[in-house]
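Per-entry structural report
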Amino acid sequence: MKNPVHHSLVWRKAAVLGSLWAASEIVLGSFLHNARIPFSGEFLTAIGITILVAGHRLWPERGLLWRAGLVCAAMKSVSPSAVIFGPMFAISMEGLLAEAGVSLLGGNFAGYFLAGGLAMSWALAQKLATMLILYGPDAVSIYIRGLEWLRSRAGLGPQNLWWPLILLLAAYFLAGLAAAAAGMRAGKIEAVNPEPIATGMSFKPRGNCENSRRRYSTAALLLHILFVSAVMAAGRKIPAAAMLGGAALYAFICVRAYPRASALLKRVGVWAGVMAASLSAGLLLGSAVSGLYMALRAFILTMGFAAVGEELLNPSIRLRLERFCGGVFFETLEYAFSALPGIISSLPPGRELARRPVASLSKAISRAPSWLELV
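The structure contained in this document is the topic of the report that follows. (Residues numbered from 1 in each chain as written. Predicted model: local features only at pLDDT ≥ 70, side-chain atom pairs only at ≥ 80, totals over all residues. Heavy atoms only, no water.)

Attention now goes to the overall build of the protein chain. Along the protein chain, the regular secondary structure elements total 17 helices and zero strands. Scored against the burial criterion, the 375 residues of the protein chain give a buried share of 43%. Looking at the protein chain as shown, the accessible area adds up to about 19,300 Å², and 67% of this sits on carbon and sulfur atoms. (Helix = DSSP H or I, 4+ residues; strand = E, 2+ residues; numbered from the N terminus. Buried < 20%, exposed > 50% of the residue type's maximum accessible area, 1.4 Å probe, protein only. Areas by Shrake-Rupley, 256 points an atom, 1.4 Å probe, with all protein chains shown as cover.)

Here it is as structure tokens:
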């Protein structure tokens, strides 16, 4: 039988690590986005792995890593970003895979390396799955055509379909090992005097801050899921004209009902890039219509995922989840959100965090026991 006190303590520790992970996403993510640095998503994943490994060295608790990932993912739900469903799922899976690595090989070098490699590999796996979902079977055709082009120049071809992916996966896995090594360095908390937390600061539950004016609908959530599923299943069975009209009508509905969908639609440069890439891919396949289908499918699914993500904030869904898994998770979230401003203020600017990630995170991890006392 689980010790309730110990069970609650693990969640509180997860609240601290999850808040630190979310804070790094906010501080560093803003810098990377504004600086337009390539592979920023992979860099943020590496920072998350570093925090998880360093945190586990401090608190070698079973179940700590997947809980921290779940807390950070839930905190991502209030991000002003229009696209949150994919990052939330990615963060949850990264925490779960990191936990699996440590559970399999233990809280040692081997376990941490496996944890980092698995977590970073998920970033690639989700990218590939997202492309397949958004663009459908045509994405596979583009991949094969690309290999045919490489075959004539580098000896790669359809008979070696898996080698490019295996090499790419190996590169991601090695990057995860490097992030885990950084976490082990950052987790070496020696007898230093960390900067004290501001006097009088305490982290208390925020209470229910849901926007009561926002109208949610379980029926709308189900309709969005059904519509997106139908578009994915139908593929090119829908006439191009009907697909175009349906995409326009669905976008109009989503923009009127959901602020995040409206924010997505305003990214004209992004959609122009998607259209240009899709049409180019269609020409590579020998059919401009194929490119149009790819672009419309990606557009509809992106709008749909934004709508589903916003409907999942429904307080009634939260109440059902509370009954299903108990109130400890949501109580943990309240503490985590309350801790977030103080943790953000303790982190260096994004530029400094990117330039000296190990030193910056080491200092932050050294404050974790003090934060734990306040939650």
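Next comes the rest of the write-up.
Here we come to the packing of helix α2 (residues 40–58) against helix α7 (residues 162–186). The contact between α2 and α7 brings their axes to 7 Å, and the two run at 40°. On the basis of their axis angle, the class for α2 and α7 is oblique. Crossing handedness for the pair α2 and α7: right-handed. Where α2 abuts α7, its residues Glu-42, Ala-46, Ile-49, Thr-50, Val-53, Ala-54 and Arg-57 lie against Tyr-172, Gly-176, Ala-179, Ala-180, Ala-182, Gly-183, Met-184 and Ala-186. Here the contact of α2 with α7 is built from residues that sort into ten nonpolar, three polar and two charged. (Axes fitted to C-alpha atoms, helices over the stretch in contact; angles between N-to-C directions. Parallel < 35°, antiparallel > 145°, perpendicular 65-115°, else oblique. Left-handed = near helix turned anticlockwise from the far one by under 90°. Contact = heavy atoms within 4.5 Å. Nonpolar A, V, L, I, M, F, W, Y, C, P; charged D, E, K, R; others polar.)

What follows deals with the packing of α2 against helix α16 (residues 357–366). Where α2 contacts α16, the two axes come as close as 10 Å, and the packing angle between them is 40°. With respect to their mutual orientation, α2 and α16 come out oblique. In terms of crossing hand, the pair formed by α2 and α16 is right-handed. Residues Ile-47, Thr-50, Ile-51, Ala-54, Gly-55 and Leu-58 of α2 form the contact with α16, whose participating residues are Pro-357, Leu-361 and Ile-365. Among the residues forming the contact of α2 with α16, the class breakdown is seven nonpolar, two polar and no charged.

As a further point, take the pattern of salt bridges. For the structure shown, the criterion picks out two salt bridges. As a salt-bridge pair, Glu-61 and Lys-13 come within 2.7 Å of each other at their nearest N and O atoms. With Glu-61 in the loop between α2 and α3 (64–76) and Lys-13 in helix α1 (residues 4–35), this pair connects stretches of sequence that are 48 residues apart. The exposure class of Lys-13 is buried, given its relative accessible area of 7%. (Salt bridge = Lys/Arg side-chain N within 4 Å of Asp/Glu carboxyl O.)

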